[in-house]
Amino acid sequence: QVQLVESGGGLVQPGGSLRLSCAASGGSFSSAAVGWFRQAPGKEREFVAVIFWRPTATYYADSVKGRFIISRDSPKDTVSLKMNSLKAEDTAVYYCAAGVRWGMAFTTVSSYTVWGQGTQVTVSS
């Protein structure tokens, strides 16, 4: 079974930027979309962004719209999340996930069947 591996997390100051990457280990992305979610301590896991291909489309949570950009590198078979203008409230463990398809509720955790292990993002001065 394909596994997802995230990388790129770390500590950044408010207003800074980070790029997260999600790679498929043991194969390629088997679904037509990959999403990013995040979970802060004591909170529910929440939708951040998703990218569909065939046709290409992206969707974002209101809280990150205009600051985060999700993209796919087809030759490398990776999906990235570029995070700009980071705020303290963006601090969370970030997860990439696959398995969602067109017509499914892509903001819902249960629509995804494969998850990465998560990468910590901390925004603090």
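Structure shown above.
Residues numbered from 1 in each chain as written. Predicted model: local features only at pLDDT ≥ 70, side-chain atom pairs only at ≥ 80, totals over all residues. Heavy atoms only, no water.

### Focus: the sheet that holds strand β3 (residues 18-25)
Note on sheets: strands pair through backbone hydrogen bonds, and any given pair is parallel or antiparallel.
Argument step 1. One open sheet holds the four strands; their spatial order is β1-β3-β8-β7, and the pairing between them is antiparallel. Looking at which strands have only one partner, the edges of the open sheet turn out to be β1 (3-7) and β7 (68-73). Going from strand to strand, the sheet's axes swing by 20° on average, the running direction of each strand aside.
Argument step 2. Bridge analysis of β1 against β3 gives five bridges, and the strand direction is antiparallel. (Pairing = 2+ DSSP bridges. Helix = DSSP H or I, 4+ residues; strand = E, 2+ residues; numbered from the N terminus. Axes fitted to C-alpha atoms, helices over the stretch in contact; angles between N-to-C directions.)

### With respect to the state of the cysteines
Argument step 1. Scanning the model with the defined rule gives one disulfide in all.
Argument step 2. Each disulfide pairs two cysteine sulfurs, and for Cys22 the partner residue is Cys96, the sulfurs being separated by 2.1 Å. The sign of the 65° torsion about the S-S bond sets the Cys22-Cys96 disulfide as right-handed. Note that Cys22 is positioned in strand β3 and Cys96 in strand β9 (residues 92-98), a separation of 74 residues in sequence. (Disulfide = S-S within 2.5 Å.)

Just geometry here; none of it tells us what the structure is for.
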